[in-house]
Amino acid sequence: MKIIMLGAPGAGKGTQAKKIAAKYEIPHISTGDIFRANIKNGTELGKKAKTYMDQGLLVPDELVVDLVVDRVNQDDCTKGYVLDGFPRTIPQAEALDKALESMDQKMDYAIDINVPDENIVNRMSGRRACVDCGATYHIVHAPTKEEGICDNCGGELILRDDDKPETVQKRLAVYHEQTQPLIDYYTEKGILKTVDGTVDLEDVFKAITGILGE
Ligand code: AP5
Ligand code: MG
């Protein structure tokens, strides 16, 4: 099963992608997580990506496409995967389709998690991410057992650099301009499914499993 998660920054793509990956036993591929790991490790890719990410801008397509195409060609992806944060532009979607076609494959679902902009800024200011394993929490909606400590690995929790309200506004503007057109793109392909992302995260997951099947 090959799945794309669509939705504004903070809509809950990462939260739901992790749950999908665990239930259906497929890898969770997050381009944002890949860039953050590269930034943490001080790689050339990380240095380049950081200059865009800190401004709330998209990293150029040429730095993203090959990375994802290589990743979905790895052995653990034969049963499928869930893409989180990719594609994010029409050229990325077209490049992905072309790569899949050459392997005689196609995407099964594009799930759009719908959350209005008003809810997003508030959500992002409450998000906390683990510096070590990347797990995400929310101080109100998905709290850790012990404040400031990751349930998963005991790492320290931080507010992401790009979750400051002014950067979130920029990310939302970039989303509407460059990523939202993908909703029409995947509607035309006949694989778009929309879920309401404003309800409790377990209810969002129920709506998704209703689409993907038990
Ligand atoms: P990325 O890491 O992908 O960020 P994003 O798309 O802005 O999305 P987020 O990770 O912020 O949100 P999310 O939808 O995953 O929400 P989450 O589940 O955490 O990308 C970062 C940057 O990298 C980009 O800005 C760009 O520069 C670059 N980049 C990445 N991919 C790229 C690409 N393909 N091309 C070019 N550039 C790229 O949830 C948010 C919070 O809400 C959490 O605290 C969570 O606990 C909480 N929450 C989740 N669901 C609910 C719910 N139902 N109710 C209440 N709270 C909830
Ligand atoms: Mg995410």
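Everything discussed here concerns the structure shown above.
Please read these numbers as outputs of a predicted model, since none were measured by experiment.

A. Main features of the state of the cysteines. In total, this model carries zero disulfides according to the counting rule given. Looking at Cys150, it has no disulfide partner, and the nearest cysteine sulfur is the one in Cys133, 3.7 Å off. Cys130 provides the cysteine sulfur closest to Cys153, a residue in no disulfide bond, and the two sulfurs are 3.6 Å apart.

B. Highlighting the packing of helix α4 (residues 61-72) against helix α5 (residues 90-102). Viewed as axis vectors pointing N to C, α4 and α5 meet at an angle of 25 degrees, and their least axial separation amounts to 10 Å. In terms of axis orientation, α4 runs roughly parallel to α5. Crossing of α4 against α5: the hand is right-handed. For the pair α4 and α5, the contacting residues are Asp61, Val64, Val65 and Val69 in the first and Pro91, Gln92, Ala95 and Ala99 in the second.

C. Layout of helix α3 (residues 44-53). Within α3, the full set of buried residues consists of Leu45, Gly46, Ala49 and Met53. Down the axis of α3, the sector holding all buried residues measures 90 degrees, keeping them to one side. For α3, exposure combined with an orientation more than 90 degrees from the buried face picks out Glu44 and Lys47. The elements touched by buried residues of α3 are α2 (31-40), α4 and α7 (165-179).

D. Examining helix α6 (residues 117-125) more closely. Of the positions making up α6, those classed as buried are Ile120, Arg123 and Met124. Taken around the axis of α6, the buried residues stretch over an arc of 90 degrees, which confines them to a single face. Structural note: α6 exposes Glu118 and Asn122 on the side pointing more than 90 degrees away from its buried face. In this structure, the buried residues of α6 make contact with β5 (127-130), β6 (136-138) and α7.

E. Looking closely at the sheet that holds β5. An order of β6-β5-β7 is seen for the three strands of this open sheet, with the pairing classed as antiparallel. Of all strands in the sheet, those with a lone pairing partner are β6 and β7 (157-158), marking the two edges. Sheet strands in contact with α6 are β5 and β6, and its direction is about 45 degrees off that of β5.

F. Here's a closer look at the sheet that holds strand β1 (residues 2-6). Spatially, β2-β3-β1-β4-β8 is the arrangement adopted by the five strands of the open sheet, whose pairing is parallel. Whereas interior strands pair on both sides, the edge strands pair on one side only; in this sheet they are β2 (28-30) and β8 (192-196). For this sheet, the mean angle separating the axes of adjacent strands, direction not counted, is 20 degrees. Note: β1 against strand β3 (residues 81-84), four bridges, orientation parallel. From the neighbouring strand, Lys2 faces β3, where its bridge partner is Tyr81. Of the strands in this sheet, β1, β4 (109-114) and β8 touch helix α9 (residues 201-212), which is tilted by about 155 degrees from β8.

Rules of the game
- Residues numbered from 1 in each chain as written.
- Chains lettered and ligands numbered in written order.
- Predicted model: local features only at pLDDT ≥ 70, side-chain atom pairs only at ≥ 80, totals over all residues.
- Heavy atoms only, no water.
- Disulfide = S-S within 2.5 Å.
- Axes fitted to C-alpha atoms, helices over the stretch in contact; angles between N-to-C directions.
- Helix = DSSP H or I, 4+ residues; strand = E, 2+ residues; numbered from the N terminus.
- Parallel < 35°, antiparallel > 145°, perpendicular 65-115°, else oblique.
- Left-handed = near helix turned anticlockwise from the far one by under 90°.
- Contact = heavy atoms within 4.5 Å.
- Buried < 20%, exposed > 50% of the residue type's maximum accessible area, 1.4 Å probe, protein only.
- Arc of directions from axis to C-beta.
- Pairing = 2+ DSSP bridges.

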